[in-house]
Amino acid sequence: MPRDSRTPLIQKIAKQAHITFKGWKPSASGDNKLFAEQQGELVSLVTTVRAADLKIALRKSNSSTGAAELQSPPVTYMHICETEVFSMGVFLLRSGASIPLHDHPGMNGMLKVLYGKVSVRCFDKLENNLSVGSAPPQLEPPLALYQTSSLWRSVLRSVVELSETSGPCLLTPLRDNLHQIDTVEGPAAFLDILAPPYNPDDGRDCHYYKVLQTVSQVGPEGKSNEEQQGEEKEKEEETWLLEVPQPDDFWCGGEPYPGPAVSF
């Protein structure tokens, strides 16, 4: 079926995102048939979006070196729109860039690759976290005592590679909520929808994490199980995360969004 040329696709996506997430409550999302139907409509629209729909041109790998490249941000963001219900924009990642492991407190999300390829590692925090007075796990290297308050029990849910032909990657407040995004074989860009948007005043600030290793995960030659087993590492394996400051080698710049305007 041909697209309706009178209404830009990104406007349709924004309208459906507003319909889907307006009035959304975490306690109601799990078994809410209407929410599931509305989210399905949004997924269908987002699946069809391409870079050309947003007038975004493929960025070539930057072959230049030196101070200019070091001073340019590894990631830039194109703001499309933001309401109290959701935010939407495009992230552009240089070749070799990574968005470090971070969370989306109490938020739903949707990521759709527009060009290039990315690897996404998704984690969840577990409810049975380290309790006060309980012994911390044996980690390698060991943590200082003050760091144990920033330690989180978690599980690695999935590791997937996504391209422009892939469907959107979804996250919810309880499932796949923490993720790390790495480029694969060149630059990449993806459409990002978050509902509700980040807002530190409402408890939705972005936190960064580091994956830790326990003593049992380190082999006799100092190699981790992941290095020893490669891609055979079992998914959904319990692990530990340490909340850390934003990494020094990561920052996000901004640039204008060139595509069709979105209005409400």
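Since we're looking at a predicted model, the values are computed, not measured.

Visitor: Any chance you could explain the packing of helix α1 (residues 9-21) against helix α3 (residues 33-48) here in plain terms?
Guide: Packed helices, taken two at a time, are described by the angle between their axes plus the distance between the axes. Taken N-terminus to C-terminus, the directions of α1 and α3 make an angle of 160°; their axes are 9 Å apart at the nearest point. Here α1 lies roughly antiparallel to α3, going by the angle between them. In terms of crossing hand, the pair formed by α1 and α3 is left-handed. Residues Leu9, Lys12, Ile13, Gln16, Ala17, Ile19, Thr20 and Phe21 of α1 touch α3, and the partners they reach there are Phe35, Gln38, Gln39, Glu41, Leu42, Leu45, Val46 and Thr48. Taken together, the residues that form the contact of α1 with α3 break down as nine nonpolar, five polar and two charged.

Visitor: What is the right way to read the pattern of salt bridges from this model?
Guide: Opposite charge on two side chains allows them to pair when their charged atoms are near. Under the definition given, this model contains four salt bridges. Taking the shortest distance from any N to any O, the salt bridge between arginine 157 and aspartate 124 comes out at 2.7 Å. Highlighted residues: arginine 157 in strand β6 (residues 151-163) and aspartate 124 in strand β5 (residues 117-125), separated in sequence by 33 residues. Accessibility expressed as a relative area gives 2% for aspartate 124, which makes it buried. We note a salt bridge from glutamate 238 to arginine 153, for which the minimum N-O separation is 2.7 Å. Residue glutamate 238 is located in strand β11 (residues 238-244), and its partner arginine 153 is located in strand β6; the two are separated by 85 residues in the primary sequence. Judged by relative accessible area, glutamate 238 falls into the partly exposed class, the value being 40%. You can call arginine 153 buried: its relative accessible area is 17%.

Visitor: What exactly am I supposed to notice about the confidence of the model for the protein chain here?
Guide: The predicted coordinates of low-pLDDT regions are not to be read in fine detail. Scored by pLDDT, the protein chain comes out at a mean of 86, with 80% of its residues at no less than 70. Every residue in residues 227-234 scores below 50 in pLDDT, and together they form four contacts with partners more than four places removed in sequence or on other chains.

Visitor: When you look at the nonpolar core in this model, what are you seeing that I'm missing?
Guide: Buried together is how nonpolar side chains tend to be arranged in soluble globular proteins. Among the nonpolar cores identified, the biggest contains 31 residues, and Met88 and Val90 are the most heavily contacted of them. For this core, the secondary-structure elements that each account for two or more residues are α1, α3, β1 (75-82), β2 (87-93), β4 (108-115) and β9 (188-195). With six residues, α1 is the single largest residue contributor to this core. In this view, valine 90 contacts Leu54, Ile56, Thr76, Tyr77, Met78, Ile80, Leu114, Ala189, Phe190 and Leu191; residues no more than four positions away in its chain are not counted.

Visitor: Whenever I open this one, α1 confuses me. Can you help?
Guide: An α-helix turns once every 3.6 residues. As a result, residues three or four positions apart point the same way. Here α1 is 13 residues long and its end C-alpha atoms lie 18 Å apart, about the 18 Å a rise of 1.5 Å per residue gives. Of the positions making up α1, those classed as buried are Leu9, Ile10, Gln11, Ile13, Ala14, Gln16, Ala17, Thr20 and Phe21. Those residues of α1 that are buried are in contact with α3, β1, β2, β4 and β9. Phi turns positive, to about 80°, at glycine 23, one or two residues after α1.

So, how was this worked out
- Residues numbered from 1 in each chain as written.
- Predicted model: local features only at pLDDT ≥ 70, side-chain atom pairs only at ≥ 80, totals over all residues.
- Heavy atoms only, no water.
- Axes fitted to C-alpha atoms, helices over the stretch in contact; angles between N-to-C directions.
- Helix = DSSP H or I, 4+ residues; strand = E, 2+ residues; numbered from the N terminus.
- Parallel < 35°, antiparallel > 145°, perpendicular 65-115°, else oblique.
- Left-handed = near helix turned anticlockwise from the far one by under 90°.
- Contact = heavy atoms within 4.5 Å.
- Nonpolar A, V, L, I, M, F, W, Y, C, P; charged D, E, K, R; others polar.
- Salt bridge = Lys/Arg side-chain N within 4 Å of Asp/Glu carboxyl O.
- Buried < 20%, exposed > 50% of the residue type's maximum accessible area, 1.4 Å probe, protein only.
- pLDDT = per-residue confidence, 0-100.
- Core = buried A, V, L, I, M, F, W, Y, C linked by side-chain atoms within 4.5 Å.
- Expected span 1.5 Å × (residues − 1).

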